[in-house]
Amino acid sequence: MFEVPYAMSIDGQRVLAVEYAQVINPATEQPVCDVPMASREQLESAVASAKTAFATWSRTDISERQKRVGALGDIIEQHKEAFIELLITEQGKGRAGAEWEIGGAIYWCREIAKQCLEDEVVRRQDDEEIVTRHTPIGVVGGITPWNFPLLLAIWKVAPALLAGNTMVLKPSPYTPLCTLWFGELAQAVLPPGVLNVISGGNELGQWMTEHPDIGKISFTGSTATGRRVMQSASVNLKRLTLELGGNDPAIVLPDIDPWGIAKDLFWAAFANSAQFCVACKRLYIHEDIYDDLALALVEYARTIRIGNGIEPGVELGPLQNKMQYDKVRDLLEDSRQQGHRFLLGGDIEDRPGYFIPVTLIDNPPESARCVVEEAFGPVLPLLKYRDIEEVIARANNTPYGLAASVWGRDLVEAERVARRIEAGTVWINQAHVFSPDIAFGGHKQSGMGIENSLHGLAEYTNMQTVMRKVLP
Ligand code: NAD
């Protein structure tokens, strides 16, 4: 771990750079180490190498590709503890969260490696046969955010390579270390050029989206950046998978036991210090149980230990970077100026690290910034409702449509409500359940396309129909 200096992986080689940037530990605001900033020429070599490798990798038997994608899980597992510590250091999350992410990365490699897209026989008659098959696209560009840096990279790498593509992967400039290290280790199990990992700033992402030899961009990040990606991808009509922001509602029905679900609801909102695309960001509570649930949430939240994730027992860490910290501070300041009532939190301690306390806001107006905007930080508005039709309309009144949850004892009613929500995933009495075989993707401005499952795998392919006719 902490190999100095961290290097990029291009054409199977360790590659350094001319320019470097610092990675900051968000819990201490101290530099962790320097990372290379790829030049345009280095992007060119990475793409050229991926293009060359594609010729062989795309024709490598699927069983061999499956074996190698599975082996990517093994190499992470061999260094599991080091990855966990590195992730805590660069991202800021607590140990349990880091274990979940690294364990997930291993599991995803192994499970995706079992997938396969079979040819579909559309028609077979005496003199003709029609078959639809999936062919790889070419060079895929992967661009990832800073909240789950390694897991979200694996969500792209594993299916892209399994489907026969090669790849250029760019982590967020805030959290590049686990991804760069994984890239280096991966060279031991992949032919040169199949997976190139390069680090750099936002402009590197833009160069990738404009590059004529990249056939697909798989992007996870904010909706604002997603729009820019879509614009520049039009250059060569790149295929796109966009996993973007969300402002997920949770609806709590009146028949629920407030004290029984407070803990689950807390984690639905605050896991990873609420830097979770699918965090519950608006909590709609029926008026009959509003006061009790608000109290239960406050009491549970008071038991949570916030601090530097490397210290044992810490459950929530800081925000990952200064930009996000300032954004959430600004949101809190706006609430204060609007006269919102804080049930908990709101005051930022003067200490090193980008720490924001868990903050619960008491029934702010529906038009308040803390309700309308994706906070991506531990600030949760509790919102009172009376009528179920009204709350469904409020939940859907957003340009986002990533995920949602409904909480109730009467499952028939809960499901009736769930089916009315405009979102790619709706959980009932649970949250944040993901799996390599469960399709995940956003509606509306939360994205386009799917990750995970065979639907997600198919997004790394073109469909080809082969029609055969026997000559008389
Ligand atoms: P971001 O959009 O700022 O950055 C994401 C990545 O895009 C980074 O690697 C960045 O360097 C790169 N980038 C920036 N500008 C670019 C450009 N013009 N062209 C190409 N690439 C560019 O997002 P972030 O702040 O890192 O992540 C937080 C956001 O990600 C939140 O909105 C969150 O909801 C969303 N997110 C979504 C999912 C999902 O699956 N839907 C998962 C995690 C995070």
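Just above sits the structure.
As the structure is a prediction and not an experimental result, all values here were calculated from the model.

Some details on helix α4 (residues 95–112)
The terminal C-alpha atoms of α4 lie 25 Å apart, and with 18 residues this matches the ideal 26 Å at 1.5 Å per residue to within 8%. Where α4 is concerned, the buried positions are Ala-98, Glu-101, Ile-102, Gly-104, Ala-105, Ile-106, Trp-108, Cys-109 and Ile-112. Looking at the buried residues of α4, the elements they touch are α2 (62–78), α3 (80–91) and α5 (149–162).

Quick look at the layout of surface pockets
One number sums up the size of the largest pocket: a volume of about 940 Å³. Lining the largest pocket are 38 residues, and of these Trp-146, Phe-219, Gly-221, Ser-222 and Thr-225 lie nearest its centre. Elements with a minimum of two residues in the lining of the largest pocket: α7 (202–210), β10 (216–220), α8 (223–233) and α11 (322–337). A per-element tally of the lining of the largest pocket places α8 first, with seven residues. The class makeup of the residues in the lining of the largest pocket is 15 nonpolar, 16 polar and seven charged. Here the second largest pocket is characterised by a volume of approximately 500 Å³. At the level of secondary structure, the elements contributing two or more residues to the lining of the second largest pocket comprise α4 and α9 (258–270).

Details of the pairing of strand β11 (residues 239–243)
For β11, the tally of buried residues reaches four of five residues, placing the bulk of the element in the interior. Pairing between β10 and β11: five bridges, direction parallel. Note on β11: the bridge partner recorded for Lys-216 is Arg-239. Assessed by its sense of winding, the connection that carries the chain from β10 through α8 to β11 is right-handed. Summarising the sheet, β11 and strand β19 (residues 447–448) pair through two bridges and their orientation is antiparallel.

Rules used throughout
- Sequence positions are assigned chain by chain, starting from 1 and proceeding in written order.
- In view of the model being predicted, local features appear only for residues whose pLDDT reaches at least 70, and side-chain atom pairs are presented and counted only at 80 or more, with totals across whole chains, interfaces and linings using the full set of residues.
- Note: side-chain values were computed over all heavy atoms of the structure, leaving out hydrogens and water.
- Counting from the N terminus, the helices are the DSSP runs of H or I reaching at least four residues and the strands are the DSSP runs of E reaching at least two.
- Expected span of a helix, by definition, is 1.5 Å for each gap between consecutive residues, and there is one gap fewer than residues.
- The classification of residues rests on relative accessible area computed with a 1.4 Å probe and restricted to protein chains. Under 20% of the type maximum is buried, over 50% is exposed, and intermediate values are partly exposed.
- What makes two residues a contact is simply this: any of their non-hydrogen atoms within 4.5 Å.
- The distinction between a cavity and a pocket rests on a 1 Å grid over the protein atoms alone: a 1.4 Å probe fits inside a cavity but cannot get out, while a pocket stays open yet meets protein on both sides within 12 Å along at least five of seven lines, and a residue with an atom within 4 Å of a point counts as lining.
- Grid points are joined across faces, edges and corners, and a volume is the space filled by probe spheres set on the points.
- Any residue outside Ala, Val, Leu, Ile, Met, Phe, Trp, Tyr, Cys, Pro, Asp, Glu, Lys and Arg is labelled polar, Gly included; the first ten of those are nonpolar and the last four are charged.
- Two strands are counted as paired when DSSP detects at least two bridges linking them.
- Crossovers are marked right-handed if the path from the first strand over the helix to the second runs clockwise, as seen with the strands pointing away from the viewer.

Just geometry here; none of it tells us what the structure is for.
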